[in-house]
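For reference, the chains in residue letters:
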Amino acid sequence: MPVAPEKRNSLNEIFGSVKPLIGNVHCLPLPGAPKYRNEQMHELIERAIADARNYAMGGMDGLLIENHGDIPFVQPHEIGHETVAALTVIAKAVGEETGLPFGISLLANCSIGALAVAKASGARFIRVNQWVNAYVSNEGLIQGESGKALRYRRSIGAENVAIFADVHVKHGAHAIVADRPVSEQASDVEFYEADVAIATGNRTGDAVPDSEIEEIRSGTRLPIIAGSGVTVANASQVLARTDGAIIGSSLKRDGMWWNEVELSRVKALVATVHEVRGRAAKR
């Protein structure tokens, strides 16, 4: 039984393509992060633009920009103003350079900060790892802030910024909601007004189990995208079961998320999924 009124398909509205491929721009460590090495902002911007440009030239449909270099992450209320400011400047520059629709992920789980960055930079969506419920993460106990975040989004006039929310989020122990199946957690994401559901593996770069995709599908009518572990080898299989994908690690040199994006890898991926996208477009 539906848990909320059916929504417009934000995935189609943002990207205008079948099964969109979203390239993950992993920013270098930003000011204030433990691994920040006093680079000038223009250096951080240039690296992000270089990765984004390769995604664009390789045929990706959009981008997700995140402060992944800020490991180890802290909880949302501990993220500094300098991080929000730096990510905003980088995101705006990337968007202007590529013209691709892009989203923001402010780690760890800072939905309100991500909305602020999105409003200021022109992002079309944010990714939130834990949108509803709570779980035990690498950063400690994380609670979904969907109610606060949606009120904040309304207060700054950012209703056009869509919410892409993970289901059964990676990098965490789900002991708190272990009595509820993944399908129910997917229903929670839809009930709490997310626009797109994300299926993900256990950690960055891990493939999404087919069974998890099916469980999520059984619990929500939202579009479902893969959020981790998509490679040239498995892309056709994953895209056959999902409505799109966020891809980063496998498109980097040596398949490592901290390396630069390689154009040849992007082109190979896009070519691999061409057939499955064509079949989906004919339906």
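Residues numbered from 1 in each chain as written. Predicted model: local features only at pLDDT ≥ 70, side-chain atom pairs only at ≥ 80, totals over all residues. Heavy atoms only, no water.

Tell me about the overall build of the chain, and please be specific about residues and values.
Helix and strand counts for the chain stand at nine helices and eleven strands. The C-alpha radius of gyration of the chain comes to 17 Å, within 12% of the 19 Å expected for a compact globule of 283 residues. Along the first, second and third principal axes, the C-alpha atoms of the chain reach 55 × 40 × 35 Å. Classification of the 283 residues of the chain by burial places 55% in the buried group. Once local pairs closer than 6 in sequence are excluded, the contacts in the chain between residues at least 24 apart make up 72%. Positive and negative side-chain charges in the chain, numbering 29 and 33 respectively, have mean positions lying 4 Å apart. (Helix = DSSP H or I, 4+ residues; strand = E, 2+ residues; numbered from the N terminus. Rg over C-alpha atoms; globule rule 2.2 N^0.38 Å. Buried < 20%, exposed > 50% of the residue type's maximum accessible area, 1.4 Å probe, protein only. Contact = heavy atoms within 4.5 Å. Lys, Arg positive; Asp, Glu negative; His and termini not counted. Charge placed at Lys NZ, Arg CZ, Asp CG, Glu CD.)

Just give me the short version of the side chain of threonine 98, but keep the residues and values in it.
Within the secondary structure, threonine 98 sits in helix H3 (residues 81–98). For threonine 98, the side chain forms a polar contact with the main-chain nitrogen of leucine 100, separated by 3.2 Å. Apart from residues no more than four positions distant in its own chain, threonine 98 is found in contact with Ala52, Arg53, Ala56 and Leu63. (Polar contact = N/O pair within 3.5 Å; in protein donor to acceptor, adjacent residues only side chain to side chain.)

Which residues make up the layout of surface pockets, and what values do they have?
As a volume, the second largest pocket reaches approximately 240 Å³. Lining of the second largest pocket is provided by Lys7, Arg8, Ser10, Glu13, Ile14, Arg124, Arg153, Glu159, Asn160, Val161, Ala162 and Asp195. A per-element tally of the lining of the second largest pocket places helix H1 (residues 10–15) first, with three residues. Here the residues of the lining of the second largest pocket are counted per class, giving three nonpolar, two polar and seven charged. (1 Å grid on protein atoms, 1.4 Å probe; cavity = no way out; pocket = protein on both sides within 12 Å on 5 of 7 lines; lining within 4 Å. Points joined across faces, edges and corners; volume = space filled by probe spheres on them. Nonpolar A, V, L, I, M, F, W, Y, C, P; charged D, E, K, R; others polar.)

For the environment of glycine 144, give the residues involved together with the corresponding values.
With respect to the helices and strands, the residue glycine 144 is situated in the loop between strand E6 (140–143) and helix H5 (146–155). Considering only alpha carbons, one finds glycine 144 and proline 72, 72 residues apart in sequence, at a separation of 20 Å. Filtering out sequence-adjacent residues up to four positions away, glycine 144 remains in contact with Gln130, Trp131, Val132 and Asn133.

Please provide a residue-by-residue account of the packing of helix H6 (residues 182–191) against helix H7 (residues 210–219), values included.
The contact between H6 and H7 brings their axes to 7 Å, and the two run at 50°. It follows from the interaxial angle that H6 and H7 lie oblique. Note that H6 runs across H7; the crossing there is right-handed. Together, Val182, Ser183, Ala186, Ser187 and Glu190 of H6 and Glu212, Glu215, Ile216, Ser218 and Gly219 of H7 make up the contact between the two elements. Here the contact of H6 with H7 is composed, by residue class, of three nonpolar, four polar and three charged. (Axes fitted to C-alpha atoms, helices over the stretch in contact; angles between N-to-C directions. Parallel < 35°, antiparallel > 145°, perpendicular 65-115°, else oblique. Left-handed = near helix turned anticlockwise from the far one by under 90°.)

If you had to explain the pairing of strand E5 (residues 134–137) to someone new, which residues and values would you point to?
Sheet analysis places E5 next to E6, joined by four bridges and oriented antiparallel. What sits directly across from tyrosine 135, in E6, is isoleucine 142. The antiparallel pairing of E5 with E6 creates a hairpin that spans two residues between the two strands. (Pairing = 2+ DSSP bridges.)

How would you sum up H3? Please name residues and give values.
With 18 residues, H3 should reach 26 Å at 1.5 Å per residue; the first-to-last C-alpha distance of 26 Å fits that figure. Thr83, Ala86, Leu87, Thr88, Ile90, Ala91, Ala93, Val94, Gly95 and Thr98 are the residues of H3 that are buried. Tucked into the core, H3 has its buried residues touching helix H2 (41–58), strand E2 (62–66), strand E3 (102–105) and helix H4 (111–121). Just downstream of H3, glycine 99 is the residue with a positive phi angle, here 75°. (Expected span 1.5 Å × (residues − 1).)

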